[in-house]
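Residues per chain, in single letters:
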Amino acid sequence: MQILFCASEVSPFAKTGGLADVTGSLPASLQKLGCDVRIFMPLYRGMRNGAGSMDLLARDIVVPVGVHDYHVYIWEGRTETGIPIYFLEKDEFYDRSYLYGSPVRGDYEDNSERFIVFSRAVRQLCMALDWYPSIFHLHDWQAGLIAAYFQLNWRYDPNFLRSGTVFTIHNIAYQGLFPPEIFSLTQLPASAFSIAGLEFWGQCSFLKAGLVYSDFLTTVSPRYSREIQTPEFGFGLEGLLKERRDSLAGILNGIDTKVWDPENDPLIPANYSSEDLSGKKVCKSVLCKDLGFPRERLDRPLLGMIGRLATQKGFDLLEKILPELMSMDVNLVILGTGDASIEENLKETALLFPKQLKVLFEFDEKLAHLIEAGSDIFLMPSRYEPCGLNQMYSLRYCTIPVVHATGGLDDSVIDVIKDPDSGTGFKFYKYDPQAFLDAVESAIHMFGDKDKWVEIQKRAMAQDFSWDRSAREFIRVYEKTTAKRRIGVGRRADL
Ligand code: ADP
C-alpha cells in the first residue's frame, strides 16, 4: 500500500496544533506495518535549515492558478524515522512569519491561492517521482481541494486508476471559507460550485471539497465522528456528514510515545516511571522554581493547562471559576498562544494572584513537556474537542486530567467518580462553570488521599495510546477505499 500524506503542518517541521503531531507520528506506525508512506507539505520560513539535508527533486514546475502560472520547486528530505518527505517551495507564498496568518492582522489574504498551489502541485509531485500512491491521505481544509482535483480531473489519468482519497477532519470549525470569486482560481469544472460540490452558503469551502469528493472520511475520535453529525458540533456540515456516515470513521489519535515518554524524555529534569514516581517530584519542584512559585507552596496541588488561546478550549469557563479556584489554595500555570482578548483577561487575573497563577504566552515545546511532567492535575475544559492530545500526554505523565466529556476527551479519559476502580481522570458533563469547578474540586480533594491518588496515577500511566492500534484501523480504511475504487463505486460515481 502506497500512501501520500498531504498536510499543511507536520511535526517537527512546522506546527500550530495537534494536526502536526498526527502527521508527524502516524506515518512511522504505518511504515512499521509495511506501508510505503510519504509526506507532502509546504516549505515554510526557517525550515530550510531545520529540516535536515534536502535534495532538489523537481525544479521550475508550473502550477496554474487562475491567470497565473506559478513556478515552484520540490525538495526531498527524510523524517527522523526515515520517511520520505517532500517540501513545496514557493517563497512568495510560504516564506512568512506564520503558517496561516498573523495574530494581529489575522489570516493571510491569499490563503486560498497558497493552498490551491499546494493542492495542484500534488499531481506534479507524483509525476516527478513516477510514483502513484494507492491512497492520498488528506488532512484538514488546506488539503481539501486535492480531493476535488482528484475526483474531477486526475482520476482519468491511467496512473491514478487504482488510487483513492481519504480525508481526515481534525477540527471541523476550521473550514477554509473564501469568497465565491476565488472559485475561478481553482480551475475546477463550473459544476463543482454547487450545493453538491464545494459551495457553502455562497462561498467556497475547501473543507467541504474534502468532505464531498473524498472516497472515505475519518475524524480523530469515535465520539467526535458522531458529534459532527449534529447541529451543535457540525458547523453547518452536519447534513452532509450524516449523508456520508457509511463512509465516515472515528479513529482515536495516538500519541508519539517516544517523544512523550516520562521514562526517557530528554526535555524534563528527571525521568520517572510507574514503578518509581520520584522523578515527578523533581519535575514539580523545578517547574515551581522556574515559574517563581514560593517554595513553601510546593506541596499544594499544581494545576497545568496548555493550548491554543481559543474559545473552543474553554477559557470562558476557566475565567469564571478562577477566583474560586484560587481560593482553594492551588497553583496554576497556563501556557498558550492565540486570541489577544483571552490573553488580556488572563494577564489581568494573574496580577490578582501573583503567588498562585502564572500565565505564559509563548509556544514552547520544552516548557510544555515540563508542565506535563511537573503538574499534578491537568485542565482541559474544552467546549468541544475533536480528539485532544494533551489529556493523553497528561495520562502518560500521570498528571491527572480534568476534562469536559466531549469528543476525544470523553473517549480517552475514564471518570474516577463514576468508575472508581478503573478511573483515570475527572469529567464534567454539562458545559458550565459550576460543573467544571465541581470536577476540579473532586480532583483536588482526591489529591489529598495519597494512596488513592497514586493508584489513579498508575492506572493513567498504564493506558495505551500508541499509534499502533489506530494505524491498524487506518489500514482497514485504506483497504476499504481501494476496494471501493476497484469495484467502481468511488465517491461521486453518482454525480
Ligand atoms: P489543537 O490541535 O486543537 O490545538 P491538541 O490538543 O490536539 O489541540 O494539540 C495541541 C498540541 O499543541 C499539543 O501537542 C500541545 O502540547 C501543543 N501546544 C499547544 N499550545 C502550545 C504552546 N503554547 N506551547 C507548546 N505546545 C503547545
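1. Thoughts on the site of the ligand
Move 1: Close contacts around the ligand come from 18 residues, with Lys-15, Gly-18, Arg-308, Lys-313 and Glu-362 the closest.
Move 2: Contact between the ligand and Asn-390: an oxygen atom at 3.2 Å from a side-chain N or O atom of the residue.
Move 3: Look at the ligand: alone it shows 560 Å² of surface, and the protein chains cover 94% of it.
Move 4: Mapped by element, the contributors of at least two residues to the shell around the ligand are helix 1 (18–32) and helix 14 (390–396).
Move 5: Split by residue class, the shell around the ligand holds six nonpolar, six polar and six charged.
Move 6: Each of domain 1 (2–254 + 468–486) and domain 2 (278–465) accounts for three or more of the residues forming the shell around the ligand.

2. Points about the pattern of salt bridges
Where side chains of opposite charge bring their charged atoms close, a pairing between them can arise.
Move 1: Scanning the model with the defined rule gives 22 salt bridges in all.
Move 2: With a closest N to O distance of 3.9 Å, Lys-452 and Asp-449 form a salt bridge.
Move 3: A relative accessible area of 45% places Lys-452 in the partly exposed class.
Move 4: Ionic contacts of the salt-bridge type, sharing partners, join the residues Arg-223, Glu-227, Asp-410 and Lys-427 into one network.

3. A look at the pairing of strand 2 (residues 36–42)
Move 1: The element strand 2 is extensively covered by neighbouring structure, given that six of its seven residues are classed as buried.
Move 2: Relative to strand 2, strand 1 (residues 2–6) runs parallel, the two being bridged by five bridges. For Leu-4, the partnering residue across the bridge sits in strand 2 and is Arg-38.
Move 3: Note that the unit made of strand 1, helix 1 and strand 2 has a crossover that is right-handed.

4. As for the packing of helix 4 (residues 111–129) against helix 5 (residues 144–152)
Helix-helix packing: each pair is described by the crossing angle between the helix axes and the interaxial distance.
Move 1: Packing of helix 4 against helix 5 brings their axes to within 9 Å, and their N-to-C directions diverge by 45 degrees. Looking at the two axes, helix 4 sits oblique to helix 5. Both helix 4 and helix 5 take part in a crossing whose hand is right-handed. Here Ile-116, Phe-118, Ser-119, Arg-120 and Val-122 of helix 4 lie close against helix 5, whose contacting residues are Leu-145, Ile-146 and Tyr-149.
Move 2: Partitioning the contact of helix 4 with helix 5 into residue classes produces six nonpolar, one polar and one charged.

5. Some details on the environment of Ser-184
Move 1: Following the sequence through the fold, Ser-184 ends up in helix 6 (residues 183–186).
Move 2: A polar contact of 3.2 Å, which involves the side chain of Ser-184, links it to the backbone oxygen of Glu-181.

6. Structural notes on helix 11 (residues 315–326)
Move 1: Taking 1.5 Å as the rise per residue, helix 11 with twelve residues should run 16 Å; its terminal C-alpha atoms sit 15 Å apart, in good agreement.
Move 2: Looking only at helix 11, the buried set comprises Phe-315, Leu-317, Leu-318, Ile-321, Leu-322, Leu-325 and Met-326. Viewed along the axis of helix 11, the buried residues span an arc of 150 degrees, placing them on a single side of the element.

7. Side note on the packing of helix 11 against helix 12 (residues 340–352)
Move 1: Running from N to C, helix 11 and helix 12 point in directions that differ by 15 degrees, and their axes come no closer than 11 Å. As summarised for this structure, helix 11 and helix 12 are arranged roughly parallel, according to the angle between their axes. Along this stretch, helix 11 crosses helix 12, giving a crossing that reads as left-handed. Two secondary-structure elements touch here, helix 11 through Phe-315, Leu-318, Glu-319 and Leu-322 and helix 12 through Ile-342, Asn-345, Leu-346 and Thr-349.
Move 2: Per-class residue counts for the contact of helix 11 with helix 12 are five nonpolar, two polar and one charged.

8. A short note on the domain arrangement of the chain
Move 1: Splitting the chain by domain gives domain 1 (2–254 + 468–486) and domain 2 (278–465).
Move 2: Each of domain 1 and domain 2 was reduced to a C-alpha centroid, and the two centroids are 32 Å apart.
Move 3: Summed over both sides, the interface of domain 1 with domain 2 buries roughly 1600 Å², with 55% coming from carbon and sulfur.
Move 4: If you look at where domain 1 meets domain 2, you find two salt bridges.

9. A word on the environment of Trp-75
Move 1: As for its placement among the helices and strands, Trp-75 is situated in strand 4 (residues 68–78).
Move 2: For Trp-75 and Met-54, which are 21 residues apart along the polypeptide, the C-alpha to C-alpha distance reads 6.1 Å.
Move 3: When neighbours within four sequence positions are excluded, Trp-75 is seen to be in contact with Leu-43, Met-54, Asp-55, Leu-56, Leu-57, Ile-85, Tyr-86, Phe-87 and Glu-89.
Move 4: Within the structure, Trp-75 has its side chain in polar contact with the side chain of Glu-89 (distance 2.4 Å).

Reading the values: the criteria
Residues numbered from 1 in each chain as written. Predicted model: local features only at pLDDT ≥ 70, side-chain atom pairs only at ≥ 80, totals over all residues. Heavy atoms only, no water. Near = heavy atom within 4 Å. Polar contact = N/O pair within 3.5 Å; in protein donor to acceptor, adjacent residues only side chain to side chain. Areas by Shrake-Rupley, 256 points an atom, 1.4 Å probe, with all protein chains shown as cover. Helix = DSSP H or I, 4+ residues; strand = E, 2+ residues; numbered from the N terminus. Nonpolar A, V, L, I, M, F, W, Y, C, P; charged D, E, K, R; others polar. Domains from an automatic or database assignment. Salt bridge = Lys/Arg side-chain N within 4 Å of Asp/Glu carboxyl O. Buried < 20%, exposed > 50% of the residue type's maximum accessible area, 1.4 Å probe, protein only. Pairing = 2+ DSSP bridges. Right-handed = clockwise from strand over helix to strand, strands pointing away. Axes fitted to C-alpha atoms, helices over the stretch in contact; angles between N-to-C directions. Parallel < 35°, antiparallel > 145°, perpendicular 65-115°, else oblique. Left-handed = near helix turned anticlockwise from the far one by under 90°. Contact = heavy atoms within 4.5 Å. Expected span 1.5 Å × (residues − 1). Arc of directions from axis to C-beta. Buried area = accessible area lost by both parts, 1.4 Å probe.

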